[in-house]
Amino acid sequence: MADARQAAEGVARASYGRLVALLSARTRDIAAAEDALAEAFRAALETWSVRGVPERPEAWLLIAARRAFGHTLRHRAVRDAAAATLSLLEAETHGEASPVFPDERLKLLFVCAHPAIDGAARTPLMLQTVLGLDAGRIAAAFVTAPATMAQRLVRAKAKIRDAGIRFEEPDADALPARLASVLSAIYAAYGTGWDEGLGTGLTGEAIFLGRLLVALQPDAPEARGLLALMLHCEARAQARRGPDGAYVRLAEQDTRLWSPELIAEAEGHLIVAARRATFGRFQTEAAIQSVHAQRAVTGTTDLRALCTLYDLLAEHAPTIGVLVSRAAIHGEASGPEIGLALLDALDSDRVASYQSFWAVRAHLLRAAGRRAEAAPALDRAIGLSDDPAVRAYLARQR
Amino acid sequence: MQYMLIYKETDAQFAEREDPEKAGPYWGAWTAYIGAIAQAGVMVSGNGLQGPHAATTIRVRDGRREVQDGPYADAKEQLGGYVIVEAPDLDAALEWAARAPSAAYASVEVRPVLPPPAP
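In this numbering scheme, every chain counts its residues from 1 along its sequence in written order. To label them, take the chains in the order written and letter them from A, then take the ligands in the order written and number them from 1. Owing to the predicted nature of the model, reporting of local features is limited to residues with pLDDT of at least 70; listing and counting of side-chain atom pairs is limited to 80 or more, with chain, interface and lining totals taken over all residues. Only heavy atoms go into the side-chain values, all of them from the structure, while hydrogens and water stay out.

Novice: Can you explain the UniProt feature "domain: YCII-related" (unreviewed entry) in chain B? Please cite residues and give values.
Specialist: The UniProt record marks residues 1–115 of chain B with the feature "domain: YCII-related" (unreviewed entry), using the residue numbering of this structure. Numbering of helices and strands runs from the N terminus; a helix is a DSSP stretch of H or I covering at least four residues, while a strand is a stretch of E covering at least two. Secondary structure within residues 1–115 of chain B divides into 30% helix and 37% strand; the distance between the first and last C-alpha atoms comes to 8 Å. UniProt positions are given in the numbering used here, feature names are shortened, and annotations may be inferred rather than shown by experiment.

Novice: I'd like to hear about the interface of chain B and chain A, residue by residue, with values.
Specialist: Of the residues lining the interface, nine residues belong to chain B; the matching set on chain A comes to 10 residues. Here chain B packs against chain A, burying approximately 830 Å² in sum over the two surfaces, 57% of which is carbon and sulfur. Summed over both partners, the accessible area (1.4 Å probe) lost when two parts come together is defined as the buried area. Interface area lost by chain B to chain A is led by Met1, Leu90 and Asp91 of chain B, which between them contribute 51%. Any pair of nitrogen or oxygen atoms within 3.5 Å is treated as a polar contact; in protein, a donor-acceptor pairing is required on top of that, and neighbouring residues in sequence qualify only through side-chain atoms on both sides. There are four residue pairs in polar contact (both at pLDDT 80 or more) connecting chain B and chain A. Ranked by the residues each element gives to the side of chain B that touches chain A, the list is headed by helix α3 (residues 90–98) of chain B, at three residues. Each residue gets one label: Ala, Val, Leu, Ile, Met, Phe, Trp, Tyr, Cys and Pro are nonpolar, Asp, Glu, Lys and Arg are charged, and the others, such as Gly, are polar. Looking at the side of chain B that touches chain A residue by residue, the class counts come to seven nonpolar, no polar and two charged. Any two residues whose heavy atoms approach within 4.5 Å at even a single point are treated as in contact.

Novice: I'd like to hear about the pattern of salt bridges, residue by residue, with values.
Specialist: What counts as a salt bridge is simple: a side-chain nitrogen of Lys or Arg found within 4 Å of a carboxyl oxygen of Asp or Glu. Within the structure shown, the criterion is met by 22 salt bridges over all chains. Here the salt bridges share partners, and the residues they tie into one network are Arg18, Glu58, Asp103 and Arg105 of chain A.

Novice: How would you summarise unusual backbone geometry if you had to cite specific residues and measurements?
Specialist: Non-glycine residue Ala277 of chain A carries a positive phi angle of around 50°. Inspection of the secondary structure puts Ala277 of chain A in the loop between α12 (260–274) and α13 (281–293). Even without being a glycine, Asp62 of chain B presents a positive backbone phi close to 55°. Looking at the element boundaries, Asp62 of chain B is found in the loop between β3 (56–61) and β4 (64–69).

Here it is, written out as structure tokens:
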């Protein structure tokens, strides 16, 4: 029984997304696919504990799930029920003869991040359908009530089923926008881990999705850019907090705590992406992290290179975060007054409640010797922090 | 699948319909658009509607009819017409919706038509 459970759990982890994608691609009914899969896992536990684990457990589960799926659909009064069942049964008969089944996960990723899906549901939907995460875990990572998250997921699945969102890879002209939406959804999953520190976040899950996307879309430079960015950040996970849990700034991190394996993987993807020679937000952000990573080898940070990359990013993707980081780097490279001038040029409404703006401003004012002005900026940065470790770090500068 | 494309118009556009100088271009754009749907062979049915000034709303409560002048909801955008198209999926329906003149200044809602009940 323990063996059967272990085998079932092993297959579940490895192939949950593949099975959901395969089962829902034809019917567009993700919820029914998940139900069928749950049923198949139940059957697997029973059967495998008696007869042993089959030679190809994934194929066994697929056939069991298809049977359960057909059964559910027959009991539902949906219009395509008959047709869907027929096509599933047909697939099953052929499926047994030809054991290689297609990987439909890319289609599933595109469906989850479709612009017709509620923006707040896209990342959770991806995490649930591709990785099999339960709504409670996703809700915790997004600081949402589990019931709210569950409802959001149910609504999104109903929309996919009823609105006729196609399980297809988008056409060439729609691809860049649709891919951007998949990338943002994956990056949002990574962001939950970043803000929450270590523990509740989904950084590992996001990197899994990033690797999957690169495997499925090897020619998309931005997919590699995003993966490289996440890997570079992840490489420093151990160095971001001191032994007492206190926040450690990137410039002060002990590079011996950085993971050389993850950095090497990140660099590899950036090199492949750069062969396409097209601008991309994620590639540029990854390149910035790559410059920082070189400190582990050279002992110094190439501030000029960072200035150039931030200028490029500011030109193509001028988010408030990019503009503030750019001011910080220029202040570091060319003197605090230069950085302060760049900060002053930003729209005051956009920065009023943006924590990084006030933290960078306080830092540059102090560096410029303008201590009297630095104090209120620092207080504002502390007041706007939502991370206790960052708050404590800033409070120590007082 | 069949989708209803529900075209919303603003007061300004309803006014254009009556304006001798603007009515020509207004109807010209719509005629060209609807013509393109028809020529693509995806039109199931459709109609333009008179403006909200001509709308009457009725509710029956406790057996009594409450008749009210005007549309069901007072909103900036009002129903101006609809078309039902045959489209393979939502993206194809959205393509047609995006081409509507009103998509550029008001909005188009896209809804799948409820399939007939299973026998």
